[in-house]
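# Reading the structure
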Amino acid sequence: MAENQNTKAEKLYTVTSSPHIHKKINIPIIMWTVVLCLLPAGAMGVYTQGWKALWVILISVATAVITEFICQKIRGVKVTLYDGSAVVTGLLFAYVISCESYWYVVILGSFFSIAVVKHAFGGLGLNIWNPALAGRAFVMASFSLIMTSVWPVVEPASCSINKPNIEKVEMQTTTSATPLRSVKQAVTASRETHDKESLGKTPEETWNNIKKAQTVSYYDLAIGTVNGCIGETSSLLLLLGGLVLIIRGYIRWQLPLTIISTIALCAWIFPVNVGFYNPQTGVQGVDLVWFAGDPLFHVLAGGCILGTFFMATDMVTSPMTLRGQIIFGIGIGVLTMIIRLYGGYPEGMSYAILLMNTAVPVIDRYAKPKVFGARQKC
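Residues numbered from 1 in each chain as written. Predicted model: local features only at pLDDT ≥ 70, side-chain atom pairs only at ≥ 80, totals over all residues. Heavy atoms only, no water.

## Regarding the overall build of the protein chain
Note the cut-off: To qualify as a helix, a DSSP run of H or I must reach at least 4 residues; to qualify as a strand, a run of E must reach at least 2; elements of each kind are numbered from the N terminus. Only protein chains enter the calculation, and the probe is 1.4 Å; a residue is then buried if its accessible area is under 20% of its type maximum, exposed if over 50%, and partly exposed in between. We call two residues contacting when some pair of their heavy atoms lies within 4.5 Å. Method for areas: the Shrake-Rupley scheme with a 1.4 Å probe, in which residue coverage is limited to the protein chains shown.
When helices and strands are tallied, the protein chain shows 17 helices and 4 strands. Buried positions account for 47% of the 378 residues belonging to the protein chain. Here the contacts in the protein chain between residues at least 6 apart in sequence split such that 74% fall between residues at least 24 apart. Carbon together with sulfur atoms contributes 65% to the accessible area of the protein chain, which is approximately 19,700 Å² in total.

See below:
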């Protein structure tokens with residue numbers, strides 16, 4: 001009798017390492033929830049950009065899954081295709097490239113994301129960088145002309161919810177600019193143009209003319225009827241998916257809020273360098289325009305929402321503490337706007353996240369909580 005009581009006591013008071021509170025969630029549940037949250041934005045991308053977008057998504061996901069299987073077999077570890085992590089990586093990689101990308105570019109990028117960025121570092125949970133973004137950086141460096149020169153022409157008029165015209169969109173492929181690239185080209189042209197009549201009398205007037213000339217509305221940016229990568233155009237659908245992840249408790253709301261707030265603030269504060277010409281005085285030059293940016297445009301355009309909710313919040317490559325995540329988010333927001341406004345590339349979210357992924361070990365060391373009951377060294 002006494003032995004039974006001792007056995008029960010040992011089971012009740014067995015000391016184990018944290019965490020001590022367990023929930024009925026695991027990696028497959030989290031990953032497949034992320035997939036479901038991403039599907040509406042992908043469906044919108046297929047709707048506006050045509051069947052090419054669907055083929056890119058299918059090729060990317062299939063390559064990621066096959067590569068995951070081969071790598072796990074080679075490493076001699078358990079095959080865990082059911083956990084959905086490879087599907088998430090393949091889906092995200094397809095979302096951050098153009099639907100006009102060649103099939104071999106899609107395969108190489110998806111393969112690099114899984115084989116090199118993920119399994120070369122030890123597999124799920126041990127990678128340093130976000131696999132999908134690292135794969136995108138690889139194909140951007142290897143096939144930069146293919147990745148940046150050709151985009152599908154997506155006209156809001158041809159993307160009516162009631163009258164889809166996918167065939168029309170598929171036939172219209174050109175070197176058309178995304179919203180961010182269009183603004184960047186206009187700013188660059190204002191500094192280099194010899195057509196003085198196209199410039200404003202002051203830098204502020206030139207900048208206002210550039211903003212007015214943009215035909216893309218906030219509505220188009222939110223719905224997704226704009227040029228861009230397959231899964232990043234519909235900010236509204238991505239935002240709804242991100243909110244689901246927050247409500248489910250899979251990501252913290254503080255990190256997305258920090259990134260979006262920082263991008264909005266920097267977009268408004270950071271100066272824009274534009275040209276001007278005053279015909280009355282004959283003065284022509286280039287000058288900075290401060291506190292005149294469009295915060296909402298930069299939040300809705302490009303990969304801001306996709307990167308904020310589905311890539312920066314990656315549990316493996318983001319800081320562990322709340323203070324660390326805030327530092328991480330501020331860094332992403334500042335770097336994104338520096339690249340967008342002053343770099344040679346119109347979109348900076350992917351590179352900003354990768355750079356801050358590299359800094360995560362330092363951030364974790366700085367932001368780690370103090371040991372309970374310990375005193376600070378003098």
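## Re unusual backbone geometry
At Phe 291, a position not held by glycine, the phi torsion is positive, near 50°. Here Phe 291 lies in the loop between strand S4 (283-289) and helix H14 (295-300).

## Examining the environment of Val 88
Among the secondary structure elements, Val 88 is positioned in helix H4 (residues 85-95). It is 9.9 Å that separates the C-alpha atoms of Val 88 and Pro 131, two residues lying 43 residues apart in sequence. In this structure Val 88 touches Met 31, Val 34 and Val 35, once residues within four positions along its chain are discounted.

## Things to note about the environment of Phe 93
Relative to the helices and strands, Phe 93 is located in helix H4. Between the C-alpha atom of Phe 93 and that of Gly 231, which follows or precedes it by 138 residues, the distance is 9.3 Å. Setting aside its immediate chain neighbours within four residues, Phe 93 contacts Ser 60, Val 105, Val 106, Gly 109, Ser 110, Ser 113, Ala 132, Gly 135, Arg 136 and Val 139.

## Points about the pairing of S4
Quick note on the threshold: Paired strands, as defined in this entry, are two strands with at least two bridges between them according to DSSP.
Both strand S3 (residues 272-278) and S4 contribute to a ladder of 7 bridges, which runs antiparallel. In the strand pairing of S4, Asn 273 is matched with Leu 288. Counting the residues between successive antiparallel strands, the hairpin from S3 to S4 contains 4 residues, one of them, Gly 282, with a positive phi of roughly 80°.

## Some remarks on the nonpolar core
Heads up, the rule is: Only buried Ala, Val, Leu, Ile, Met, Phe, Trp, Tyr and Cys residues count toward a nonpolar core, and they belong to the same one when joined by side-chain atoms within 4.5 Å.
By size, the foremost hydrophobic cluster in this structure holds 62 residues, and its most contacted members are Leu 38, Leu 306, Phe 310 and Ile 332. For this core, the leading source of residues is helix H2 (residues 27-49), giving 8 residues. One finds Leu 180, Val 226, Val 272 and Ala 292 within the second-largest nonpolar core, a separate group that totals 14 residues.

## As for helix H17 (residues 349-367)
What counts here: By definition here, a helix of n residues has an expected span of 1.5 Å times n minus one. Bend, in this description, refers to the angle at a residue between axes fitted to the seven residues ending there and the seven starting there.
Between its terminal C-alpha atoms H17 stretches only 23 Å, short of the 27 Å expected from 19 residues at 1.5 Å a residue. At Ala 359, H17 shows its largest kink, close to 50°, and the proline Pro 361 lies no more than four residues downstream. Every buried residue of H17 is accounted for by Met 349, Ser 350, Ala 352, Ile 353, Leu 354, Met 356, Asn 357, Val 360, Ile 363, Asp 364 and Ala 367. Those residues of H17 that are buried lie in contact with helix H6 (131-142), helix H13 (254-269), helix H15 (304-310) and helix H16 (322-342).

## A short note on the side chain of Thr 233
For Thr 233, the location among the structural elements is in the loop between helix H11 (218-223) and helix H12 (235-247). For Thr 233, a relative accessible area of 4% gives the class buried. With sequence-adjacent residues up to four places away left out, Thr 233 is seen in contact with Gln 49, Leu 221, Gly 224, Val 226, Asn 227 and Gly 228.

## Describing the pattern of salt bridges
In plain terms, the rule: Take a side-chain nitrogen of Lys or Arg and a carboxyl oxygen of Asp or Glu: if they are within 4 Å of each other, that pair is a salt bridge.
Inspection of the entire model under this criterion finds 3 salt bridges. One salt bridge in this structure joins Lys 52 and Glu 100, with 3.1 Å as the shortest N-O distance. A residue pair is termed long-range when its members are at least 10 positions apart, and Lys 52 in helix H3 (residues 51-75) and Glu 100 in the loop between H4 and helix H5 (103-118) qualify at 48 residues. When its relative accessible area of 36% is taken as the criterion, Lys 52 is described as partly exposed. You can call Glu 100 buried: its relative accessible area is 14%. Two residues, Glu 347 and Arg 340, come together in a salt bridge whose shortest N-O distance is 3.1 Å.

## Things to note about H6
Going by this rule: N or O atoms closer than or at 3.5 Å make up a polar contact, with two conditions inside protein: a donor-capable atom paired with an acceptor-capable one, and, for residues adjacent in sequence, both atoms drawn from side chains.
With 12 residues, H6 should reach 16 Å at 1.5 Å per residue; the first-to-last C-alpha distance of 16 Å fits that figure. Where H6 is concerned, the buried positions are Pro 131, Ala 132, Leu 133, Ala 134, Gly 135, Arg 136, Val 139 and Met 140. Buried-residue contacts for H6 involve H4, H5, helix H7 (144-149) and H17. A distance of 3.2 Å separates the backbone nitrogen of Ala 132 from a side-chain oxygen at the start of H6, and that oxygen is part of Asn 130.

## Observations concerning the confidence of the model for the protein chain
Using the following cut-off: The pLDDT score gives, residue by residue, the confidence of the prediction method on a 0 to 100 scale.
Summing up the model confidence of the protein chain, the mean pLDDT is 86 and the portion of residues at 70 or higher is 85%. When mean pLDDT is compared element by element in the protein chain, H13 scores highest at 97, while helix H8 (residues 166-171) scores lowest at 35. Throughout residues 157-175 the model reports pLDDT below 50, and contacts reaching past four residues in sequence, or to other chains, amount to 37 contacts.

## Thoughts on the environment of Gly 135
Checked against the element boundaries, Gly 135 lands in helix H6. Between the alpha carbons of Gly 135 and Val 117 there is a distance of 7.7 Å; along the sequence they are 18 residues apart. Here Gly 135 is in contact with Phe 93, Gly 109, Phe 112 and Ser 113, once residues within four sequence places are set aside.

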